[in-house]
Amino acid sequence: MAPASGGTDVVEAVDGLIVGHRAMAAGEYEIALRAYHRAAATEGATVDVLSAIGSANLRLGRLQQAEQDLRRALEKDETFVPAHNNLGVTLAEQGKWGEASLHFRNAFAYDSGRSGEIRDNLRLAIENSQQTGYDTDEAFQLLLMRRGSGRYLLLSTPL
């Protein structure tokens with residue numbers, strides 16, 4: 001049976017990345033992760049999708065999985081600022097301040113120093129990599145970032 005005149009029987013799909021970004025902003029990290037996996041199934045494992053999956057895993061406390069996803073994102077595009085920043089956060093959460101500092105430096109360089117949040121993350125990583133210990137409250141001031149609509153957006157909720 002043909003659709004009614006002027007009508008269509010095709011349902012428009014919702015972009016999994018957009019749904020995931022909205023769920024992340026609302027603090028619904030499991031929902032975001034499922035949306036990002038749907039995006040991976042439809043769009044493929046792009047740098048955006050892998051970085052988003054890694055960020056959701058980080059928010060869920062799955063540090064090793066987040067690290068793996070973010071490293072895979074950087075294999076696709078070594079200049080992708082959110083993946084460098086978020087990998088830096090993941091490594092810092094594991095106490096790997098030296099390597100975290102390297103990724104924050106890369107994020108800062110590729111971003112041309114425009115993001116104050118990345119600069120703050122880099123400063124904190126440098127300070128902590130030079131110390132034998134660190135104040136645990138300060139470690140949780142790192143900021144995640146994601147990309148949407150061609151812009152870098154920062155998520156400022158504490159880890």
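Residues numbered from 1 in each chain as written. Predicted model: local features only at pLDDT ≥ 70, side-chain atom pairs only at ≥ 80, totals over all residues. Heavy atoms only, no water.

Counting secondary structure elements, the protein chain contains 8 helices and 2 strands. In the protein chain, the succession of helices and strands from N to C terminus is α-α-α-α-α-α-α-α-β-β. Taking all 159 residues of the protein chain together, the buried fraction comes to 42%. Residue pairs in contact within the protein chain that sit at least 24 positions apart in sequence constitute 50% of those at least 6 positions apart. (Helix = DSSP H or I, 4+ residues; strand = E, 2+ residues; numbered from the N terminus. Buried < 20%, exposed > 50% of the residue type's maximum accessible area, 1.4 Å probe, protein only. Contact = heavy atoms within 4.5 Å.)

To continue, consider the nonpolar core. Of all hydrophobic cores here, the largest spans 20 residues; its most connected members are Leu-58, Ala-73, Ala-83, Leu-87, Trp-97, Ala-100 and Phe-104. Elements with a minimum of two residues in this core: α3 (47-59), α4 (63-76), α5 (81-93), α6 (97-110) and α7 (116-130). (Core = buried A, V, L, I, M, F, W, Y, C linked by side-chain atoms within 4.5 Å.)

For Asn-128, the position within the fold is in helix α7. A sequence separation of 30 residues divides Asn-128 from Gly-98, and the C-alpha atoms of the two residues are 8.4 Å apart.

Taken residue by residue, the protein chain gives an average pLDDT of 83. The fraction at 70 or more is 74%. Of all the helices and strands in the protein chain, strand β2 (residues 151-155) carries the lowest mean pLDDT, 48, while α4 carries the highest, 98. Across residues 7-12 the pLDDT falls below 50, and counting only partners more than four positions away or on other chains, this stretch makes 2 contacts in the model. (pLDDT = per-residue confidence, 0-100.)

Before going further, it helps to spend a moment on unusual backbone geometry. Non-glycine residue Ser-112 carries a positive phi angle of around 60°. Here Ser-112 lies in the loop between α6 and α7. Looking at Ser-112, the relative accessible area reads 59%, which means it is exposed.

Considering all chains together, one arrives at 6 salt bridges under this definition. Residues Arg-62 and Glu-30 are paired through a salt bridge, measuring 2.6 Å at the closest nitrogen-oxygen approach. Note that Arg-62 is positioned in the loop between α3 and α4 and Glu-30 in helix α2 (residues 29-43), a separation of 32 residues in sequence. Taking the relative accessible area as the measure of exposure, Glu-30 reaches 35% and is therefore partly exposed. Across the pair Glu-99 and Arg-71 runs a salt bridge whose closest N-O atoms are separated by 2.6 Å. (Salt bridge = Lys/Arg side-chain N within 4 Å of Asp/Glu carboxyl O.)

Glancing now at α7. Across its 15 residues, α7 extends 21 Å between first and last C-alpha, which sits within 8% of the 21 Å expected from 1.5 Å per residue. Taken residue by residue, α7 has Ile-118, Asn-121, Leu-122, Leu-124, Ala-125 and Asn-128 as its buried positions. What you see down the axis of α7 is that its buried residues fit within an arc of 165°, all on one side. Sitting at the head of α7, Ser-115 places a side-chain oxygen 3.3 Å from the backbone nitrogen of Glu-117. (Expected span 1.5 Å × (residues − 1). Arc of directions from axis to C-beta. Polar contact = N/O pair within 3.5 Å; in protein donor to acceptor, adjacent residues only side chain to side chain.)

This part is about the side chain of His-84. Relative to the assigned elements, His-84 resides in helix α5. The contacts of His-84, once residues within four sequence positions are left out, are Leu-74, Glu-78, His-103, Asn-106, Ala-107 and Tyr-110.

Moving on, we get to the packing of α4 against α5. Axis separation between α4 and α5 bottoms out at 9 Å; the angle between their running directions is 150°. Judged by the inter-axis angle, α4 sits roughly antiparallel to α5. Our pair here, α4 against α5, has a crossing hand that is left-handed. Contact residues: Leu-63, Ala-66, Glu-67, Leu-70, Arg-71, Ala-73 and Leu-74 in α4; Ala-83, His-84, Asn-86, Leu-87, Thr-90, Leu-91 and Glu-93 in α5. (Axes fitted to C-alpha atoms, helices over the stretch in contact; angles between N-to-C directions. Parallel < 35°, antiparallel > 145°, perpendicular 65-115°, else oblique. Left-handed = near helix turned anticlockwise from the far one by under 90°.)

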